[in-house]
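For reference, the chains in residue letters:
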Amino acid sequence: MLNLKFIQDNPELVIDKLKRKNFDASEIVSTIIDLYAQKNKLQGQADQAKAEMNKISKDIGLLFREGKQEEANAAKARTSELKENIKQFDVDFADIEAKVNDLLVQLPNLPHDSVPQGKGEEDNEVITSVGEIPTLHEKALPHWELAQKYNLIDFELGVKLTGAGFPVYRGKGAQLQRALINFFLAEAAKAGYEEVQPPLVVNEDSGFGTGQLPDKEGMMYHITAENLYLIPTAEVPVTNIYRDVILDAKDLPYKNTAYSACFRREAGSYGKDVRGLNRLHQFDKVEVVQIAHPDKSYEVLNEMVKHVTGLVEKLGLPYRILRLCGGDISFTSALTYDFEVYSAAQKKWLEVSSVSNFESFQANRLKLRFREDGVKKPQLAHTLNGSALALPRIVAALLENNQTPEGIKIPDVLVPYTGFEIID
RNA sequence: GGAGAGGUGCAGGAGUGGCUUAACUGGCACGCCUGGAAAGCGUGUGUACCGCGAAACGGUACCGGGGGUUCGAAUCCCCCUCUCUCCGCCA
């Protein structure tokens, strides 16, 4: 959520910057500014009326104590009109405030200056592309066939138990999952992230805090009986650890990592993009989150990009890094780098990580602030997060790229975690 | 699931309608005292919004959330929510 004062002070800037997200904010911004002025005027009137009321009430109390019944009753008579006015002010005020909030949550975050213009994924900017694209032998298989051939993942069984998009990993397939999770967590620990194990289910406040609600309500599974949501990413519970807190500037940045299962409804997805592990309703991911000082948040973003780069390099996967264009970047993000690995049998790039700086957009909703030493007024912190990494597409690429006639070779770095070197 | 007790400031904790400007204790900050410190003494100690260019200052709101009664609510009434204790069930 953008800051109301900031919008009021910089309406042109807001409108101009949001153009790069292909969002026409002119109407919303001018309405907000208009309503804001009305709100302030009303608040002035209401506050004055309340101040008067408080004064009279206090006087009545004093008069009663002194036994001056008649004067007290006379004073009482004067309050009824005031009371009516206050009631009306409060109703109008609440109404305007609700309208302002409604509009405010509709505005996306302002993109960073480096975000390229563009409509969709075809306009994303490729920053780097590293690693050789492997040439596979003629009988090379896509990962869903390899998974079946080596009995690693049973998609059909998942359909029986739950439905499409909920695969059952088994044998070395299941062990590979566990190995990757442990590898990613160990790497995050080395990079100074504190591991947390958050709940996989969150309440409405948490969903709102990170921006899944109300904008992307359809992405989450909703437990209506308790009004709770299955997390679409560990970003939600982990970032919400810092909801409604005031931190010390000297303690920044806070660094957390978490493994979690992630649940996404992915309503409307279909076709070959969802084949195999490409898109699931439940998948595993290790997430990294940082709470940073506003002056440092882009340094932190680079540090996180570097961390994720290390992971894909150690796994020996060909990868590229994209800077998302205005049309593809998320509602809440100011700058996002996507990591894609090459899946050699499918012959396409698969997104495995998204590393973003949300600046103060989430923090404003979360009321996540920090205080500079000796400064009275707290200010909003910056929040960042990134996948490090999401498993399914990594598994897809590993299976496809590392297949040989003898079996699937496990990258050296993973062997201590899997306990085996080859799947055959 | 059943019964009961609770939610007050940075923390503990008092407060059953107006001398509450939320007592008191502790923590923390600053000052006095000291060669320096401790002790002691004194002062201060939240958040949001509004007014002002900013600060100082002033106003309003906030005692889990929402609504109600009243001239006046932390206090009385209603609804919701969360926590704790006991019982039941249970990995």
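For the structure given in this document, a descriptive report is provided here.

The rules we used
- Residues numbered from 1 in each chain as written.
- Chains lettered and ligands numbered in written order.
- Predicted model: local features only at pLDDT ≥ 70, side-chain atom pairs only at ≥ 80, totals over all residues.
- Heavy atoms only, no water.
- Helix = DSSP H or I, 4+ residues; strand = E, 2+ residues; numbered from the N terminus.
- Contact = heavy atoms within 4.5 Å.
- Areas by Shrake-Rupley, 256 points an atom, 1.4 Å probe, with all protein chains shown as cover.
- Lys, Arg positive; Asp, Glu negative; His and termini not counted.
- Charge placed at Lys NZ, Arg CZ, Asp CG, Glu CD.
- Near = heavy atom within 4 Å.
- Polar contact = N/O pair within 3.5 Å; in protein donor to acceptor, adjacent residues only side chain to side chain.
- Nonpolar A, V, L, I, M, F, W, Y, C, P; charged D, E, K, R; others polar.
- Buried < 20%, exposed > 50% of the residue type's maximum accessible area, 1.4 Å probe, protein only.
- Patch = residues over 30% accessible without salt bridge, like charges linked within 9 Å, V, L, I, M, F, W, Y side chains within 5 Å.
- Salt bridge = Lys/Arg side-chain N within 4 Å of Asp/Glu carboxyl O.
- Phe/Tyr/Trp six-rings, centres within 6.5 Å; stacked < 30°, edge-to-face > 60°.
- Lys NZ or Arg CZ within 6 Å of the ring centre and 35° of its normal.

Secondary structure assignment for chain A yields 14 helices and 19 strands. Summarising its shape, the C-alpha atoms of chain A cover approximately 100 × 45 × 45 Å along the three principal directions. Within chain A, residue pairs in contact and separated by at least 24 positions form 73% of the contacts whose partners lie at least 6 positions apart. Split by element, the accessible area of chain A, about 21100 Å² in all, is 48% carbon and sulfur. Taken as two groups, the 50 positive and 61 negative side-chain charges of chain A have centres that lie 2 Å from each other.

Here the focus is unusual backbone geometry. Cis geometry marks the peptide bond from Leu252 to Pro253; its omega dihedral reads 0°. By the secondary structure assignment, Pro253 is in the loop between strand S8 (245-248) and strand S9 (254-263). Of note, the bond from Ala388 into Leu389 is cis; its omega dihedral lies within 30 degrees of zero at 0°. Phi angles above zero are rare outside glycine, and Asn227 is one such case at about 55°. Position of Asn227 relative to the elements: it lies in the loop between strand S6 (222-223) and strand S7 (228-230). Non-glycine residue Asp244 carries a positive phi angle of around 60°.

Around RNA strand B, a shell composed of 23 residues is seen, among which Tyr36, Gln43, Ser57, Arg65 and Arg371 lie nearest. The share of sugar and phosphate among atoms of RNA strand B within 4 Å of the protein is 75%. One of the side-chain nitrogen or oxygen atoms of Gln43 is found 2.5 Å away from a sugar or linking oxygen of RNA strand B. For RNA strand B, a phosphate oxygen lies 2.5 Å from a polar atom in the side chain of Arg371. No other element matches the 13 residues that helix H3 (residues 26-65) contributes to the surface near RNA strand B. Class assignment of the residues belonging to the surface near RNA strand B gives a composition of seven nonpolar, six polar and 10 charged.

Another point: the side chain of Lys285. Checked against the element boundaries, Lys285 lands in strand S10 (residues 282-292). Within the structure, the side chain of Lys285 is placed 2.9 Å from the side chain of Thr233, a separation counted as a polar contact.

Our focus in this paragraph is helix H13 (residues 391-401). Counting buried positions along H13 gives 10 out of 11 residues, so the element sits mostly inside the fold. All of the buried residues along H13 are Leu391, Pro392, Ile394, Val395, Ala396, Ala397, Leu398, Leu399, Glu400 and Asn401.

Bringing a nonpolar patch on the surface into the picture now. On the surface, Leu200, Val201 and Ile223 cluster together into a nonpolar patch covering about 180 Å² of accessible area. For Val201, the position within the fold is in strand S5 (residues 201-202).

To continue, consider the packing of aromatic side chains. Here the structure, examined in full by the defined rule, presents seven aromatic pairs. With centroids separated by 5.8 Å and ring planes inclined at 65°, the aromatic side chains of Phe183 and Tyr417 adopt a geometry described as edge-to-face. You can see Phe183 sitting in helix H8 (residues 172-190) and its partner Tyr417 sitting in helix H14 (residues 415-418), a full 234 residues away along the chain. Assessed through its relative accessible area of 33%, Tyr417 is described here as partly exposed. Connected via pairs of aromatic rings, a cluster forms that spans Phe183, Phe184 and Tyr417. Just above the ring of Phe420 sits the side chain of Lys172; from NZ or CZ to the centre is 4.7 Å. Looking at Lys255, its charged tip hangs above the ring of Tyr193, at a distance of 4.7 Å from the centre.

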